[in-house]
Amino acid sequence: MSLFKSTLFGCVVAAAAGLGPSLKAQRGSNAPPPAGPPVQVTVNGRTWTQQQLFQRNIGGPDDQTTPFAPHKIIGNIYYVGTTSLASFLVVTPQGHILINSTYERNVPIIQKSVELLGFKFADVKILLGSHAHGDHQEGDALVKQLTGAQAMAMAEDVPALENMRPAGKPHPIDRVLHDGESVTLGGMTLVAHLTPGHTRGCTTWTMKVQDGGRTYDVVIIGSLGVNPGFKLVNNTDVPQIADEFLRAFKVSRSLQCDVPLGSHPGMFNMAEKYAKLGKGGPNPYIDPAGYKAELDLDETMFHAVLAAQQKAAAPSQASVARTAEIKVLSSTALKGVLEELVPQFERATKHTVVIQYGTAASLKRQIEQGQPFDLAVLTLAAMDDLIAQGRIAAGTRTPIARSGMAMAIRTGARRRDVGTTDALKRALLDAKSIAYAGEGAAGVYFTALVQRLGIAEALKPKSKVTASGLLVGEAVVNGEAEIGILPLSEILPIRGVEVLGTFPMEVQGFAVMVGGVSAGAKAGAAAHDLLEFVTAPDALPVIKKKGMERG
């Protein structure tokens, strides 16, 4: 067996031992690499095969366990990992943050590297990771045992991490993180960015560091690699895996980066940069062009692998029907928009769209109870919660539109000034009755607002809480409520009511509607097409006409 084949086999077996079902979920059931010539790309003047890029990251047979010289990268960030598995120490006056424990057998190596730098391993207070593969996070339990550090992980990676139990040790997860959340310690703030694909919860970390009187943006790439064996087409375990990779590239390109780092040193040319340290020139780790080059390489390889797998799958796809029935669960806030755009989509694609409307909260409960669907259009909070539960593919999460909150009155009823916060308070206190949906975005917003304005108790006796925005409109039309609180987009279609006014900007809130494709969608490709259709530039005039704006 060649050295390369031995190394590749050893890495995959080791990862499978530490990862369990999550490796299967990334590659797909019994998913060998596609037949045919190896996939290769040429980027920045160099040609790579898929396996060569993978090999660049994992290194040779001993590189994963051979310590690399611990050293300062920039500011208060230090390298404490091995030759091919990156670990970073972020030093603060209140203790330290360790990113990536790697294999459990490497924890003593990391500990020694920390101590050689003059720091105490016991001062590690927070433990983070790049993604739920054994070569990056298998050692979490031992690090926690030795330091008592608080272990944190992205929600989408929690199931895979819980299956990572070296010697039977439970995997520690003290705090579950969500996309965009921050981790702070000793004046340092690290932001977790969900960049899925490589794993469901692959995490790219960003932070700002001070060095030489300047501030630099640091990005630690989780991983953007498509390992040999990853199944991007017809992956029954992760149907939207290709979409998740696309999300990861989009997010990564949106980040400001002066200092690119990554879960493998090969991703940021560490050996070459380390050799230049201390030779009188600028810090070689300051390399914004290197960040772009890495993204270009990884994204080009992804598209090449995807195209190869799509070509290989084409014969088996030939008999698949071209039309589909798309089941949509949508918040009522977007009803007006969908009622106009969906018929256009159906005519253009010949797909059939079946929509069930309701409050985001009620639809979320139905999804949690197992109701099948292909596309959901919900509030941001509901969507993120369902993504964390694995019910909606993270890479498909797409803002569609948002609507400001407004007040509805019966057509022809007495109008009053609500243009300022003081005028709004007077109008609410003077109103004989007020209706809002208890579970709707407007109801949540309005409940918090009147508490903030100090009038909640005064309004309670005359408030009518309904089960939906539709019932709010009916209450206003029937004279049961003098004022109805709804997103503007929900008021405009109701006959018999008119808009009294939107809430003043200083207290305004928005119902943000986000679309996402079900992780188990039967019509996933068609649902993705529908999501693209309603977010295309041509849809914007309809969105504005219906009282909404881009989310």
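Residues numbered from 1 in each chain as written. Predicted model: local features only at pLDDT ≥ 70, side-chain atom pairs only at ≥ 80, totals over all residues. Heavy atoms only, no water.

Bringing the pairing of strand β17 (residues 375-379) into the picture now. In regular strands, side chains alternate between the two faces of the sheet. β17 sits mainly inside the fold: five of its five residues count as buried. Across three bridges, the pairing between strand β15 (residues 325-331) and β17 is parallel. Across the sheet, residue S330 finds its bridge partner in β17, namely V377. Where β17 and strand β23 (residues 510-517) come together, five bridges link them in antiparallel fashion. Paired with A376 across the bridge in β23 is G516. (Buried < 20%, exposed > 50% of the residue type's maximum accessible area, 1.4 Å probe, protein only. Helix = DSSP H or I, 4+ residues; strand = E, 2+ residues; numbered from the N terminus. Pairing = 2+ DSSP bridges.)

Low-confidence regions, as indicated by low pLDDT, have predicted coordinates that should not be scrutinised in detail. Here the protein shows a mean pLDDT of 88. Residues at 70 or above account for 92%. Segment residues 1-35 is flagged for pLDDT under 50; beyond a separation of four residues in sequence, or across chains, it makes 59 contacts in the model. (pLDDT = per-residue confidence, 0-100. Contact = heavy atoms within 4.5 Å.)

Attention shifts here to the pairing of strand β19 (residues 434-437). Side-chain alternation along β19 places I434 and Y436 on one buried face and A435 and A437 on a second face that is also buried. The pairing of β19 with strand β21 (residues 483-487) spans three bridges and is parallel. Bridge pairing in β21 links A435 to G484.

With that out of the way, let us pick up helix α12 (residues 360-368). Of all the positions in α12, only A360, S362, L363, K364, Q366 and I367 are classed as buried. At its buried positions, α12 is contacted by β15, β16 (352-358), β17 and α13 (380-388). The positive-phi residue at the C-terminal boundary of α12 is G370, with phi of around 100 degrees.

What follows covers the pattern of salt bridges. All told, the structure shown has 24 salt bridges when counted by the stated rule. Notably, a salt bridge pairs R175 with E181, separated by 3.7 Å at the nearest N-O pair. The shortest N-O distance in the salt bridge between D179 and R247 comes to 2.6 Å. One end of the pair, D179, is in the loop between β9 (175-177) and β10 (182-185); the other, R247, is in helix α8 (residues 241-254), and 68 residues separate them in sequence. Residues joined in a network through salt bridges with shared partners are R253, K292, D296 and E299. (Salt bridge = Lys/Arg side-chain N within 4 Å of Asp/Glu carboxyl O.)

This next bit is on the packing of α12 against α13. Direction vectors running N to C along α12 and α13 enclose 10 degrees, while the axes themselves pass 10 Å from each other. Overall, the two elements α12 and α13 adopt an arrangement that is roughly parallel. Each of K364, I367 and E368 in α12 lies in contact with α13, whose residues at this interface are A382, D385 and L386. By residue class, the composition of the contact of α12 with α13 is three nonpolar, no polar and three charged. (Axes fitted to C-alpha atoms, helices over the stretch in contact; angles between N-to-C directions. Parallel < 35°, antiparallel > 145°, perpendicular 65-115°, else oblique. Nonpolar A, V, L, I, M, F, W, Y, C, P; charged D, E, K, R; others polar.)

It is worth spelling out the packing of aromatic side chains at this point. On inspection of all chains with the given rule, the structure shows 12 aromatic pairs. Taken together, a centroid distance of 6.0 Å and an interplanar angle of 85 degrees make the contact between F68 and Y79 edge-to-face. Of this pair, F68 sits in the loop between α3 (50-58) and β3 (71-74) while Y79 sits in strand β4 (residues 77-79); the two residues are 11 residues apart in sequence, bridging distant segments of the chain. For the pair F68 and Y79, a shared accessibility class is recorded, and that class is buried. Both rings, one in Y79 and one in F88, keep their centres 5.8 Å apart while their planes meet at 80 degrees; by these two values the pair is edge-to-face. Grouping residues by exposure puts Y79 and F88 together as buried. In textbook terms, an aromatic cluster arises when at least three aromatic residues are bridged by ring pairs, as seen for F68, Y79, F88, F268, Y274 and Y285. (Phe/Tyr/Trp six-rings, centres within 6.5 Å; stacked < 30°, edge-to-face > 60°.)

Strand order in the open sheet formed by seven strands is β3-β4-β5-β6-β7-β8-β9, and the pairing between neighbours is mixed. Each end of this open sheet is capped by a strand with a single partner; those strands are β3 and β9. Shown here is a sheet whose adjacent strand axes are inclined to one another by a mean of 25 degrees, direction ignored. As paired elements, strand β8 (residues 150-154) and β9 share three bridges and run parallel to each other. Bridge pairing links M152 to R175 in β9.

As a further point, take the sheet that holds β10. Pairing is mixed across the open sheet formed by five strands, whose spatial order is β10-β11-β12-β13-β14. Edge positions in the sheet fall to β10 and β14 (259-262), since each of these pairs with one other strand and no more. Pairwise comparison of adjacent strand axes, ignoring direction, gives a mean angle of 25 degrees for this sheet. Where strand β12 (residues 203-211) and strand β13 (residues 214-221) come together, seven bridges link them in antiparallel fashion. When the sheet's bridge partners are listed, T206 is paired in β13 with V219.

A few words on the packing of helix α14 (residues 421-430) against helix α15 (residues 441-453). The interhelical angle for the contact between α14 and α15, taken along N-to-C directions, is 105 degrees, at an axis separation of 12 Å. On the basis of their axis angle, the class for α14 and α15 is roughly perpendicular. Where α14 abuts α15, its residues T421, L424, K425 and L428 lie against F446, L449 and L453.

In this fold, K335 is placed in helix α11 (residues 335-349). Counting along the chain gives 201 residues from K335 to A536, while the straight-line C-alpha distance between them is 17 Å.

Core analysis: the biggest nonpolar cluster contains 52 residues, and L334, F446, I485, F503 and L530 have the highest contact counts within it. For this core, the leading source of residues is α15, giving six residues. Contact partners of F503, with chain neighbours within four places excluded, come to M405, A406, M407, L424, Y445, F446, L449, I485 and Q508. The next biggest cluster of nonpolar side chains, apart from the first, holds 46 residues, and it includes F88, F268, Y285 and A394. (Core = buried A, V, L, I, M, F, W, Y, C linked by side-chain atoms within 4.5 Å.)

Next up on the list: the environment of L53. Along the polypeptide, L53 turns up in helix α3. With a relative accessible area of 7%, L53 lands in the buried category. Put simply, L53 and S489 are 436 residues apart on the chain and 49 Å apart in space, counted from C-alpha to C-alpha. In this structure, L53 is in contact with W48, L297, D298 and M301, ignoring residues within four places of it in sequence.

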